[in-house]
Amino acid sequence: ELVKDEDLEILSDLGAGNGGTVTKVWNKKRNCVMARKLILVDAKPSVRKQILRELQIMNDCNSPYIVGYYGCFPVDVHVGIVIELMDAGSLNDIYRQNGPVHIEVVGKIAEAVLHGLIYLYDVHRIIHRDIKPSNILANTNGEIKICDFGVSGELINSIANTFVGTSTYMSPERIQGAPYTIKSDVWSLGISLIELALGRFPFTDSQGNEEFSEDDDDDDDDGVQHDPDATLPLNTQKPNLNIEKDKKEKKEKRKSKGVSLAGGGHTMSILDLLQHIVNEPAPKLYSKKRSFPQNSVVFIEDCLYKDPNQRKSPQDLLATDWIANSKVTQDDLKAWALSTIGKD
Ligand code: ADP
Ligand code: MG
C-alpha cells in the first residue's frame, strides 16, 4: 500500500531547505507524479527506525488542508518521505516569482492554514511548529495545504542535533524558551500572511535590509541581507531568557555588524532580529504603496499579540469578518494558481 523507494523514478528538483531536498518523482506502480523529500538524519539505526515508526502518524492525517502522505523509508543517511506533489509550489516560491499576493487570496490562504492547524490539533494533538510560506503549498486545482508539521519527536530532535533552523517566524514567547502551543503557530501565520501581502519578509525593508523601529535613525546601509531561514550553530541557539533591552547597546552592536563576530555578519543579524521580535512592537499589515481592508489589518493584529493569551485561537480567527465574509471561490483560487505558473 505504502510507496517504496524502488517504485520511484527521479524527474526534477523542486527545492531545498534546512536539512532537506525535495524532488519531483514518477511513481511507476501508480502511474502518477509525487514529491519525495530526503532529510539528512545523522543518527543510530535504532533512532532512524523510531523516526520511521513515528512518521506513520502521517498516514492517519487526512484533510483537504494537509498535504497527502504516501510513505517513508530509509535512503542511506537520509529518511525519505513521499508526499503529494503540489504543482503550483510553495507560497514562498509563488510570491518571490510573482510579487505580492492579492489580499483577497491571502484571506483564503489564512482560512486554509487555520483549518489545517485545527485539524492537526483537534484530531491528532499535533502542533505544527513550522508555519512559514515555504510550508504552505498550492496546486492548480485551487487547493492550499500545509506540510512539514512536527509529527516525529525523534525527527525534531535529530534535526536539532545537527542544525537548528532558527526560523524567524518564531513567536516572542518561543524565542524566550516557552514551550510550543497552537498560539505560536498563530503568530507564525500572522508573520507569513504579512510577508505574502507585502511581497517581502515583514522585518526587512524593500531593499532586504533589516528594518528597525523609528528610533533607529542611522542609515548605515551595510547591505546585510536577512534570510528568514538561515540557521545558527547549536551553541548560539540557547533560548535567550534574559534579553537585554538597552537600546544603546543594541545600537552599538548594529554598528559593529560589518566587522562581525562569528564570521559573515549573518549570525549577528539573526540575533538582532530575535531581540527585535521580543522587544519591539509586532509588525502590522501596512504599506505605503498599498492599502488593505480594515478587517484584514485587524485579523493580522489578532494573530500578532505578543502575549499569547491575548492572541486569538484558530477557531476565533476563522469566525472573524475577513475570513467569514470572503467572496473568493475555489474557481478564483484555481485561476490564481494557474496564473502564478504562467499557463492555462
Ligand atoms: P523549506 O520548507 O525550508 O523551504 P523543504 O525541504 O521543506 O524546505 O522544501 C524545499 C522546497 O521544496 C519548498 O520551498 C518548496 O518549494 C518545495 N516543495 C516541498 N514540498 C513540495 C511538494 N509537496 N510539492 C511541491 N513542491 C514542494
Ligand atoms: Mg518545508
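Residues numbered from 1 in each chain as written. Chains lettered and ligands numbered in written order. Predicted model: local features only at pLDDT ≥ 70, side-chain atom pairs only at ≥ 80, totals over all residues.

J.: Give me the pairing of strand 1 (residues 8-17): which residues, what numbers.
T.: Here strand 1 lies mainly on the outside; one of its ten residues are buried. Where strand 1 meets strand 2 (residues 20-27), eight bridges bridge the pair, whose relative direction is antiparallel. Within the sheet, the bridge partner assigned to Ser12 lies in strand 2 and is Lys24. Where strand 1 folds back onto strand 2 in an antiparallel hairpin, the turn is made up of two residues, including Gly19, whose phi is positive at roughly 70°. (Buried ≥ 20, exposed ≤ 12 C-beta atoms within 10 Å, placed from the backbone. Helix = DSSP H or I, 4+ residues; strand = E, 2+ residues; numbered from the N terminus. Pairing = 2+ DSSP bridges.)

J.: So what's going on with the UniProt feature "binding site: ATP" (unreviewed entry) in the chain? Which residues, and what values?
T.: Under the feature "binding site: ATP" (unreviewed entry), the UniProt entry names Lys37. Assignment of secondary structure puts Lys37 in strand 3 (residues 32-40). Sequence-distant contacts of Lys37, that is, excluding residues within four places in its chain, are made with Gly20, Val22, Ile81 and Ile83. (UniProt positions renumbered as here; feature names shortened; annotations may be inferred. Contact = placed C-beta atoms within 7 Å.)

J.: Any details on the site of ligand 1? Residues and values, ideally.
T.: Around ligand 1 there are 24 residues in total, and Gly15, Gly17, Gly20, Ala35 and Ser134 lie nearest to it. Sorting the residues of the shell around ligand 1 by element identifies strand 1, strand 2, strand 3, strand 6 (89-90) and helix 2 (91-98) as the ones contributing at least two each. For the shell around ligand 1, the element with the highest residue contribution is strand 1, accounting for four residues. Considering only residue class, the shell around ligand 1 consists of ten nonpolar, nine polar and five charged. (Near = placed C-beta within 6 Å. Nonpolar A, V, L, I, M, F, W, Y, C, P; charged D, E, K, R; others polar.)

J.: Can you break down the confidence of the model for the chain residue by residue, with the values?
T.: Here the chain shows a mean pLDDT of 84. Residues at 70 or above account for 78%. Below a pLDDT of 50 lies the segment residues 212-226, which in the model reaches 18 contacts outside its immediate sequence neighbourhood of four places, other chains included. For the stretch residues 231-268, pLDDT sits under 50, and the model shows 44 contacts to residues farther than four places along the chain or on other chains. Overall fold confidence (pTM) sits at 0.84, and the ipTM for the predicted complex is 0.99. (pLDDT = per-residue confidence, 0-100.)

J.: Please set out the packing of helix 3 (residues 103-124) against helix 6 (residues 182-198) residue by residue, giving values where relevant.
T.: Between helix 3 and helix 6, the shortest axis-to-axis distance is 10 Å and the interhelical angle comes to 160°. By the criterion of interaxial angle, the relationship of helix 3 to helix 6 is roughly antiparallel. Considering the relative orientation of helix 3 and helix 6, their crossing is right-handed. Residue-level contacts link Ile103, Val106, Ile109, Ala110, Val113, Leu117 and Tyr121 of helix 3 to Ile182, Asp185, Leu189, Leu193, Leu196 and Ala197 of helix 6. Of the residues that constitute the contact of helix 3 with helix 6, the class distribution is twelve nonpolar, no polar and one charged. (Axes fitted to C-alpha atoms, helices over the stretch in contact; angles between N-to-C directions. Parallel < 35°, antiparallel > 145°, perpendicular 65-115°, else oblique. Left-handed = near helix turned anticlockwise from the far one by under 90°.)

J.: Talk me through helix 1 (residues 45-55); I want residue IDs and the actual numbers.
T.: Among the residues making up helix 1, those that are buried are Ile51, Leu52 and Leu55. The buried residues of helix 1 all sit within an arc of 95° when viewed along its axis, so they share a single face. Away from its buried face by more than 90 degrees, helix 1 exposes Ser46 and Arg53. (Arc of directions from axis to C-beta.)

J.: Describe the sheet that holds strand 6, naming the residues involved and giving the relevant values.
T.: Sheet architecture is open: three strands sit in the order 6-7-8, paired in antiparallel fashion. Strands with a single pairing partner mark the edges of an open sheet, and in this sheet they are strand 6 and strand 8 (144-146).

J.: Describe in detail the nonpolar core, supporting the description with residues and values.
T.: One finds Ile83, Ile109 and Val113 to be the most contacted residues of the largest nonpolar core, which totals 70 residues. Those residues within four positions of Ile109 in sequence are excluded, and the remaining contacts are Leu91, Ile136, Ile144 and Leu196. Core analysis: the next-biggest nonpolar cluster, separate from the first, contains six residues, Phe201, Phe203, Leu273 and Ile277 among them. (Core = buried A, V, L, I, M, F, W, Y, C linked by C-beta atoms within 7 Å.)

J.: Kindly report on the sheet that holds strand 2, identifying the contributing residues and their values.
T.: What holds strands together in a sheet is hydrogen bonding between their backbones, with the strands either parallel or antiparallel. Spatially, 1-2-3-5-4 is the arrangement adopted by the five strands of the open sheet, whose pairing is antiparallel. Strand pairing shows two members of the sheet lacking a second neighbour, strand 1 and strand 4 (69-75), which therefore form its edges. Across the sheet, the mean angle from the axis of one strand to that of its neighbour is 25°, orientation sign disregarded. Note: strand 2 against strand 3, eight bridges, orientation antiparallel. Its bridge partner lying in strand 3, Trp26 is registered against Val33.

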